[in-house]
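Coordinates in review
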Amino acid sequence: MLPGLPADAADRLLPPSLPGRFFAVAVLYHIAGWALLAWAGPGAILGFVGGLGPVVAALHLITLGTLAMTALGAAIQMLPIATCRPLGPLWACRLMFWLYAPGIGALSAGLALADPTLRSVGAGLTLAGLALFGLLVGLHLRRVEDMPGLVRHLGLSLASLLGLGLLGLALVADFSTGWLGNHAAIAAAHAVLGGYGFMGSLALGFSYVLIPMFVLGPSIPDAERGRGAILVGLALVTGASGAALGLGGLAALGAGLGLVALGHHLRTLAASVRRRMRRRFEPFFRLVVLSWAMLAASLLVGLALALGAPADPWAALWGFLLVFGWLLGFVLAILQRIMPFLAAMHSSCGGRPPALPSRLAPAWASDLHFVCHCAALVLIAAGLVGGWSWPLWLGTGAGLLGALFFAIYAAAVPWRLSCHRAAFAASL
């Protein structure tokens, strides 16, 4: 068994094809999102103020198609390992995938083509998949009594998911009816609940489990996790309310509390990382550190917006730092580590010796992806702030190239696992 895991963790492994299908589709939507941004071009990106079209479709391919898709796939496997309890029936997890994955495609196509039928069908399927996920996780958390800190973070994520779904339906309907009084304010609250609430709380909660596990550090005291969840909850309530109601002072308070919550989170994790047994940091950790820096930057830009900074260009920069800087960086870092990690766990089944996770993943592909991801962040941020087209051309190209390198990395993991199994069979 791999170090850092409970002795019976292998007994709670799902069939590899189940989380694997979520990860595979997330990788494909990652490529599609960058490709659609590159196709839209700098003019559409610089002039984007909301509404329909390829830019909003690309954002949903990244947020729902890559970020949330990865979160769903990771949660159905890692929650049972972390809590030592089964999540739910396999048929429900499979149904969740077959609702959610095509729903994202239909919703994104409807947003790009301004097709109300596709939008409605896609939104319905997407929300049905997310609702099933929320039901499975909610029922699971009711049976977890010894990890209140994790339960609080995931509870915040599910509560944010509910608000995210309701606001999302309102925004989709508003494209056809125009019944919302302030579409931009509701869209901002939608982004806060999605980026910092649903995905953010999920990321912070799982960080307390996964980071110590991957670096072989001591576990985080549950009291610290609980205090972190309280700070995140206060930041979400004030930030989302301030954005929805157009109250800059309340939104600024939310951004300030978010910075305090981030400081507590990093201080708590640093205590575990300093005492780690694995002295050498693995490549995925550089993306984790970068994503935390981007989270702080997004909160600072959000604070400036709440205090009256001009929406052009700072609103676009805030959204970019939130989605592509913080969330995409963190999710890809965890995906980069969790794919070979789970493959290594499966490699020890049937009497085979376990493979080292580092042997199942091509380091060169992750290195090239990191370079391209960093280049995309710098170039696109510069283009948004300066209003320049050429950095946006180069930045979206770098993002697309990085997504292709990441796809090569993801495809290499199951291929190398099959080679490991074949080599063991040949040695018998």
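See the structure printed just above.
The following paragraphs examine the structure supplied in this document.

Conventions used here
Counting restarts for each chain: residues are numbered from 1 in the order of the written sequence. The predicted origin of the model limits local features to residues at a pLDDT of at least 70 and limits the giving and counting of side-chain atom pairs to 80 or more, whereas totals for whole chains, interfaces and linings rest on all residues. Hydrogens and water are ignored here; the side-chain numbers use all heavy atoms of the structure. In this analysis an axis means a line fitted to C-alpha atoms, helices contributing only their contacting stretch, and an angle means the value between N-to-C directions, from 0 to 180 degrees. For helices the rule is a DSSP run of H or I covering at least 4 residues; for strands it is a run of E covering at least 2, with both sets numbered from the N terminus onward. Relative orientations are named as follows: roughly parallel for angles under 35 degrees, roughly antiparallel for angles over 145 degrees, roughly perpendicular for angles from 65 to 115 degrees, and oblique for any other angle. Should the near helix be turned anticlockwise from the far one by less than a right angle, the crossing is termed left-handed; should it be turned clockwise, right-handed. A contact between two residues is defined here by any heavy atoms of the two lying within 4.5 Å. Side-chain classes follow a simple rule in which Ala, Val, Leu, Ile, Met, Phe, Trp, Tyr, Cys and Pro form the nonpolar group, Asp, Glu, Lys and Arg form the charged group, and the remainder, Gly included, forms the polar group. Counting rule for disulfides: a pair of cysteine sulfur atoms within 2.5 Å.

1. Digging into the packing of helix α2 (residues 54-83) against helix α10 (residues 311-347)
Across the interface, α2 lies against α10 with an axial gap of 10 Å and an inter-helix angle of 40°. If you check the angle between α2 and α10, you find them oblique. As for how α2 packs across α10, the hand of that crossing is left-handed. Contacts between α2 and α10 involve Leu59, Ile62, Thr63, Thr66, Leu67, Thr70, Ala74, Gln77, Met78 and Ile81 from the former and Val323, Phe324, Leu327, Leu328, Val331, Leu335, Ile338, Phe341, Leu342 and Met345 from the latter. Considered class by class, the residues forming the contact of α2 with α10 number 16 nonpolar, four polar and no charged.

2. Re the packing of helix α1 (residues 17-46) against α2
When two helices pack together, their arrangement is given by the angle between the helix axes and by the axis-to-axis distance. Two elements in contact, α1 and α2, have axes whose closest approach is 7 Å; the angle formed by their N-to-C orientations is 165°. Taken together, the axes of α1 and α2 lie roughly antiparallel to each other. Handedness of the α1/α2 crossing: left-handed. By residue class, the composition of the contact of α1 with α2 is 25 nonpolar, seven polar and no charged.

3. Considering the state of the cysteines
According to the stated counting rule, one finds zero disulfides in the structure shown. For Cys372, which is in no disulfide, the shortest distance to another cysteine sulfur is to Cys374 and amounts to 9.5 Å.

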